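Here is what each chain is made of, one letter per residue.
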Amino acid sequence: MNYWLHRISNIAEVSYPLLDKGFLTIGFSDFTEEETIDIVECNDWNKFNQKFQEYWGNTPRTRHNLWNFLQMKKGDIVIVPSWGTFFVCEITDESPLLIGDTYSEDLKSWGKKTVNKIGNHLANENGEVYDLGFARKVNVLYKNVSRGKFADAKLT
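In short, a report on the structure. Everything numeric here is computed off the predicted structure, so don't read it as measured data.

Taken as a whole and assessed by the stated rule, the structure comprises six salt bridges. The salt bridge involving Lys-51 is made with Glu-33; its shortest N-O contact spans 2.3 Å. In this pair, Lys-51 sits in helix H3 (residues 45-56) while Glu-33 sits in the loop between strand E2 (23-26) and helix H2 (34-41), placing the two residues 18 residues apart along the sequence. Here Lys-51 and Glu-35 are joined by a salt bridge, their closest N and O atoms 3.0 Å apart. Pair noted here: Lys-51 is in helix H3 and Glu-35 is in helix H2, with a separation of 16 residues, a long-range link. Accessibility expressed as a relative area gives 5% for Lys-51, which makes it buried. By relative accessible area, Glu-35 is classed as partly exposed at 37%. Salt bridges sharing partners connect three or more residues here, namely Glu-33, Glu-35 and Lys-51.

Rules behind the numbers
- Residues numbered from 1 in each chain as written.
- Predicted model: local features only at pLDDT ≥ 70, side-chain atom pairs only at ≥ 80, totals over all residues.
- Heavy atoms only, no water.
- Salt bridge = Lys/Arg side-chain N within 4 Å of Asp/Glu carboxyl O.
- Helix = DSSP H or I, 4+ residues; strand = E, 2+ residues; numbered from the N terminus.
- Buried < 20%, exposed > 50% of the residue type's maximum accessible area, 1.4 Å probe, protein only.

Okay, structure coming up:
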C-alpha cells in the first residue's frame, strides 16, 4: 500500500461532485484514451514522454502527476487537500477509468448545472469539454477533516 497526496483543484466545480460520488479525478483531457492507461500500466516511461511530445510539443513536469495518478493501486490511501480541510480516500479499483466512465444522468456541477457526456469526455451545458481526463474509484474514508485540528503545520 502506498500513500499519495493529490490535489483536485482542476475543474473543482465538477471534481468535487464526482468525489462525492466516489471518483477522484485528474485533468489531462488531451490524453483521455485507453492507450494512455495501457502505456502507464506497462511502465513505458519513454512512450509516455513521447505521447506528451506528440500532443503538446514538450514534456512538462506536470506529466509526473498523471503518471503517478494512473499508477495508483487498489488499497492505496490518497490524501486530498481542500479549503482548510482534507479528505482521506482509499483506491478501490484495479485500473484507472476514462473520465466519461464516471458519467451518470444525475451528475451536476456546482450551481446545479447539467454535466453531459461527449465521447470519453464530460462537458458543460454548452458542449464545452471539461479538462478532466481520468478518474479513480475511491471510498472516501474521512471527509472534510479539519487541517487545523488534525494536521500539523509541516503537513499543511
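After that view of the structure, there is still more to cover.
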